[in-house]
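Fold and geometry: a report
The residues making up each chain are set out below.
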Amino acid sequence: MDPISQGAIGATVAQAVFGRRLPRSAALIGFAAGMAADLDVFIPSGGDRVASMIYHRHFTHSLIFIPLGGLLTSLLFVWWRQFKGYRREVIGAATVAYATHGLLDAFTNYGTLLFWPFSNQRVAWDLLGIVDPMVTVPLLIGMFWAVVAKQPRAARVALLVFAAYVCFGGWQHYRAANAQSALASARGHVIERGRVMPAPGALIMWRSVYTFQGTLHVDGVRVPYIGETLVRVGGSAPVVLFDDLPEEIRARPDTRRVFDVFKWFADGFVTAVAGNPTVLGDQRLSGDFSSLTPLWGIDFGASSPRRWRPETERSDFVVRIWRSMIFGEPGYRPITEALSAPNQGIH
């Protein structure tokens, strides 16, 4: 998630566990430790075009790295004079805060290598958006309240609120997944691989992607807190394999590795963008939840593979999300009605 949320949950957990022994310092230690795993963005790329895809949310986010990550972060504080006699508590606060980072990221959709080095699977539970004020604000309130009152109880209450919201995310995910299953069934499809992913915000707007017989299908799903789940039928496109790239591009020495890393990072949900066989997009997120225009991709048609971004999609991404949550968007209807609408049939 965003750095503020990462710091907030780290500070809140540290305050909840060590708030009595370190009344006001636990939050500071926890905030720093909660964000520390993202220092992997400073790992030198050495000219490697896919280094950021490989090393961000990599070993620094794994469960096995938590004790070392907590210890390293604690070195920022453990030698301060005010912590003399409390060094174990400082290390403990840093460690429990550091432990929250990878787990919080795993609740989102980009994936985290929680089980590195035993597995290279990017764990993504798709329960929270990558930015969500409903996560951040209660944690910040609980943290500040605990610091001011010098009582960990407020931090513990904030963590209970967070846990309840994650459970609510599970319920919303269940409803969105049911809509995906209903759409696929109405089309006569069997979902081979599928995910429903929340948009940044408040767990109302979801993006459905699934594959069937080599084709990726995209739809928008609106899951209001109260009321019927609605869908907007999207589109479909063939899932791109390496052999689908033009021969002259496949022959380049760096193409195979970049393609394999990109497809791994995108969890296999890769299609050509706007019919251009050399521009491949990560279909997990789009500015329009039912659109086949992704937020980013790789342009293999350039002299060497480089990132591709549709600036018009990205520029109004946040505006579209909040407008959709508050006012809704045209085209979202009950499943049976959406599939029977003109130009919206089975695809």
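Note that this is a predicted model, so its numbers are computed, not measured.

Calculation rules
Residues numbered from 1 in each chain as written. Predicted model: local features only at pLDDT ≥ 70, side-chain atom pairs only at ≥ 80, totals over all residues. Heavy atoms only, no water. 1 Å grid on protein atoms, 1.4 Å probe; cavity = no way out; pocket = protein on both sides within 12 Å on 5 of 7 lines; lining within 4 Å. Points joined across faces, edges and corners; volume = space filled by probe spheres on them. Helix = DSSP H or I, 4+ residues; strand = E, 2+ residues; numbered from the N terminus. Nonpolar A, V, L, I, M, F, W, Y, C, P; charged D, E, K, R; others polar. Expected span 1.5 Å × (residues − 1). Buried < 20%, exposed > 50% of the residue type's maximum accessible area, 1.4 Å probe, protein only. Contact = heavy atoms within 4.5 Å. Axes fitted to C-alpha atoms, helices over the stretch in contact; angles between N-to-C directions. Parallel < 35°, antiparallel > 145°, perpendicular 65-115°, else oblique. Left-handed = near helix turned anticlockwise from the far one by under 90°. pLDDT = per-residue confidence, 0-100. Pairing = 2+ DSSP bridges. Core = buried A, V, L, I, M, F, W, Y, C linked by side-chain atoms within 4.5 Å. Polar contact = N/O pair within 3.5 Å; in protein donor to acceptor, adjacent residues only side chain to side chain.

Overall, the coordinates contain one cavity of 30 Å³ or more when judged by the stated rule. Of the volumes computed, that of the largest cavity is approximately 40 Å³. Considering the residues around the largest cavity, the lining is formed by A37, T60, H61, S62, L63, I66, Y98, A99, H101, G102, L103 and L114. At five residues, the largest contribution of residues to the lining of the largest cavity is made by helix α5 (residues 87-106). Classifying every residue of the lining of the largest cavity by side-chain character gives seven nonpolar, five polar and no charged.

What follows is about helix α2 (residues 25-36). Side chains of residues three or four places apart in an α-helix project in the same direction, reflecting 3.6 residues per turn. Relative to the 16 Å expected for twelve residues at 1.5 Å per residue, α2 spans 17 Å between its end C-alpha atoms, a close match to the ideal helical length. Listed as buried for α2 are S25, A26, A27, I29, G30, A33, G34 and A36. As for α2, its buried residues are in contact with α1 (3-18), α4 (66-74), α5 and α6 (133-149).

Turning our eyes to something else, we now look at the environment of S185. Along the chain, S185 turns up in helix α7 (residues 153-186). Each C-alpha atom of the pair S185 and K150 lies 55 Å from the other, and the pair is 35 residues apart in sequence.

So, on to the packing of α2 against α5. For any two helices packed against each other, the geometry comes down to the angle between their axes and how far apart the axes lie. Two elements in contact, α2 and α5, have axes separated by 7 Å at closest approach and are oriented at 40°. Taken together, the axis directions place α2 and α5 in an arrangement best described as oblique. Classified by chirality, the crossing of α5 by α2 is right-handed. Where α2 approaches α5, its residues I29, G30, A33, G34, M35 and A36 are matched on the opposing element by V90, A93, A94, A97, Y98 and H101. A class-by-class count of the residues in the contact of α2 with α5 yields nine nonpolar, three polar and no charged.

In this section: the confidence of the model for the protein. Summarising the model, the protein shows a mean pLDDT of 90, and 93% of its residues fall at 70 or more. Looking over the protein, one finds the lowest element-wise mean pLDDT in helix α10 (residues 311-315), namely 57, and the highest in α4, namely 97.

In any sheet, the strands associate via hydrogen bonds between backbone groups, in a parallel or an antiparallel arrangement. If you walk across this open sheet you meet the four strands as β1-β2-β3-β4, and the pairing is antiparallel. With one partner strand each, in any of the chains shown, β1 (193-198) and β4 (230-238) form the two edges of the open sheet. Taken pair by pair, the neighbouring strands of this sheet meet at an average axis angle of 15°, ignoring direction. Relative to β4, strand β3 (residues 215-222) runs antiparallel, the two being bridged by eight bridges. Residue T215 lies in a different strand from β4, and its bridge partner there is P238.

The next point concerns the nonpolar core. Counting residues in each nonpolar core, the largest one holds 26 residues, and the members touching the most others are L104, F107, L128, V135, F162, W206 and V221. Broken down by secondary-structure element, the contributors of at least two residues to this core are α1, α6, α7, β4 and α12 (335-340). The element that contributes the greatest number of residues to this core is α7, accounting for six residues. With residues up to four places along the chain from it excluded, the contact list for V221 reads A176, A179, I204, M205, W206, S208, T229, L230, V231 and Y332. Listed in part, the 19 residues of the second largest apolar core include F18, A36, F83 and A97.

Secondary-structure assignment places S208 in strand β2 (residues 205-212). Here the side chain of S208 touches Q180 through a polar contact of 3.0 Å, side chain to side chain. In contact with S208, other than residues within four places in its own chain, are Q180, R195, V196, H217, V218, D219 and V221.

What follows deals with the sheet that holds strand β5 (residues 270-273). What the four strands build is an open sheet, ordered β5-β6-β7-β8; its pairing is antiparallel. The sheet terminates laterally at β5 and β8 (306-308), the two strands that pair on one side only. Taken over all neighbouring pairs, the strand axes of this sheet differ in orientation by 45° on average, direction set aside. When strand β7 (residues 297-299) meets β8, the two strands line up antiparallel, connected through three bridges. Note that in β8 the partner of G297 across the bridge is W308.

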